[in-house]
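Architecture and fold: a report
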Amino acid sequence: MIKQLTSAASGQFFLLAGPCVIEGEDMAMDIAEKALNITSRLGIPYVFKGSYRKANRSRIDSFTGIGDEKALKILQKVRDTFGIPVVTDIHTAEEAEMAAQYVDVLQIPAFLCRQTDLLVAAARTGRMVNIKKGQFLSPEAMQFAVQKVRDAGNDDVAITERGTTFGYQDLIVDFRGISTMQQYAPVIVDITHSLQQPNTSKGVTGGLPHLIEPMARAAIAVGADGLFLETHQDPSVAKSDGANMLRLDLLDGLLTRLATLRSAVNQLEK
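Report follows, based on the coordinates.

Thresholds, definitions, all that
Residues numbered from 1 in each chain as written. Predicted model: local features only at pLDDT ≥ 70, side-chain atom pairs only at ≥ 80, totals over all residues. Heavy atoms only, no water. Axes fitted to C-alpha atoms, helices over the stretch in contact; angles between N-to-C directions. Helix = DSSP H or I, 4+ residues; strand = E, 2+ residues; numbered from the N terminus. Parallel < 35°, antiparallel > 145°, perpendicular 65-115°, else oblique. Left-handed = near helix turned anticlockwise from the far one by under 90°. Contact = heavy atoms within 4.5 Å. Nonpolar A, V, L, I, M, F, W, Y, C, P; charged D, E, K, R; others polar. Phe/Tyr/Trp six-rings, centres within 6.5 Å; stacked < 30°, edge-to-face > 60°. Lys NZ or Arg CZ within 6 Å of the ring centre and 35° of its normal. Buried < 20%, exposed > 50% of the residue type's maximum accessible area, 1.4 Å probe, protein only. Core = buried A, V, L, I, M, F, W, Y, C linked by side-chain atoms within 4.5 Å. Expected span 1.5 Å × (residues − 1). Arc of directions from axis to C-beta.

What to know about the packing of helix α5 (residues 116-124) against helix α6 (residues 142-151)
Two quantities define a packed helix pair, namely the angle between the axes and the distance from one axis to the other. For the pair α5 and α6, the least separation of the axes is 8 Å and the interaxial angle reads 45°. Relative to α6, α5 is oriented oblique. Crossing geometry of α5 relative to α6 is assigned as right-handed. On α6, the residues touching Thr 116, Leu 119, Val 120 and Ala 123 of α5 are Ala 145, Lys 148 and Val 149. Broken down by class, the residue content of the contact of α5 with α6 amounts to five nonpolar, one polar and one charged.

Here is the structure:
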């Protein structure tokens, strides 16, 4: 699928976007429909993103999901209704086969990107595997995560940059790493998670959503293959990661400007 996404882009970037976690059917279908309308107009290949369960939470009372099967069936409905691929996170090797029955792309969370059993299990499903770069890893180290997937017989793999730990409560994206990692696989830049402020004293992750557009512009300028971002109708009431999500009604303007920027960059490279 990664080859299809990059070739279908025809000079544009491709997009993985949706809510952090599936909160219900209506919100998921609404986000998917609106995002698809925008991306279709702009010629941007689109993959709907939604976690069926959130395993990495700061506090034990944090929202984790509406139930695995219920959420996975919503993802399947998005795929079947709109004819678009869908991506979700998995957290254990046992989850790979289950999730692969409903989605097209299995995403490996950043904190788990070195887990060999998880990478191999995801690879063996035959689904595309999107590996998020650990906040603790260099760009060069990601070649080994990619190689685990390929050695398991699956070349359908991408890397997602989502920032590197900088102090206790901040992340920094080293844009030099995009070109480095493109030697190993196509590279996606996770715009919204790169703007998280983790490890806050309240046990709820903060964020810098006003920097979403500057971060996205930088990713486009350096030639990222794709973008990843989380969006919600009202981030202030989102059940996960609301502090760094893009408000859904801002998506059209953002993607329109980014598509224009990518076209300009392409012209400069000719």
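So, the packing of aromatic side chains
By the definition in use, this model includes zero aromatic pairs. Just above the ring of Phe 228 sits the side chain of Lys 132; from NZ or CZ to the centre is 4.0 Å. Sitting over the ring of Phe 63, Lys 239 keeps its end group 5.5 Å from the ring centre.

Section: unusual backbone geometry
One non-glycine residue, Asp 241, lies in positive phi territory at about 60°. With respect to the helices and strands, the residue Asp 241 is situated in the loop between β12 (226-232) and β13 (246-247). Classification of Asp 241 by relative accessible area gives buried; the value is 11%.

Remarks on the nonpolar core
Formed by 71 residues in total, the largest nonpolar core has its most connected members in Phe 48, Ile 131, Ile 191, Leu 227 and Leu 255. Looking at this core, the element that brings in the most residues is helix α2 (residues 25-42), giving nine residues. Grouped together as the second largest cluster of nonpolar side chains are 11 residues, Leu 5, Phe 14, Val 87 and Ala 158 included.

Overview of the side chain of Thr 192
For Thr 192, the position within the fold is in the loop between β9 (187-190) and β10 (196-197). Thr 192 sits in the buried class, given a relative accessible area of 0%. Residues contacting Thr 192, with those up to four places away along its chain left out, are Ile 212, Phe 228, Leu 229, Glu 230, Asn 244, Met 245 and Leu 246.

Examining the packing of α2 against helix α3 (residues 68-82)
Between α2 and α3, whose axes approach to 10 Å, the crossing angle comes to 35°. Handedness of the α2/α3 crossing: right-handed. In this structure, α2 uses Glu 25, Ala 28, Met 29, Ala 32, Glu 33 and Leu 36 to contact α3, whose residues at the interface are Ile 74, Lys 77, Val 78, Thr 81 and Phe 82. Its residues placed into classes, the contact of α2 with α3 shows seven nonpolar, one polar and three charged.

Concerning helix α9 (residues 251-269)
The end-to-end C-alpha separation of α9 is 27 Å, in line with the 27 Å expected for 19 residues at 1.5 Å each. Those residues of α9 that fall on the buried side of the exposure criterion are Leu 251, Leu 254, Leu 255, Leu 258, Ala 259, Arg 262 and Val 265. On an axial view of α9, the arc spanned by its buried residues comes to 130°, and they lie on one face. Residues of α9 that are exposed and point more than 90 degrees away from the buried face comprise Thr 260, Gln 267 and Leu 268. Along its buried surface, α9 packs onto β1 (14-18), α2, α8 (212-221), β12 and β13.

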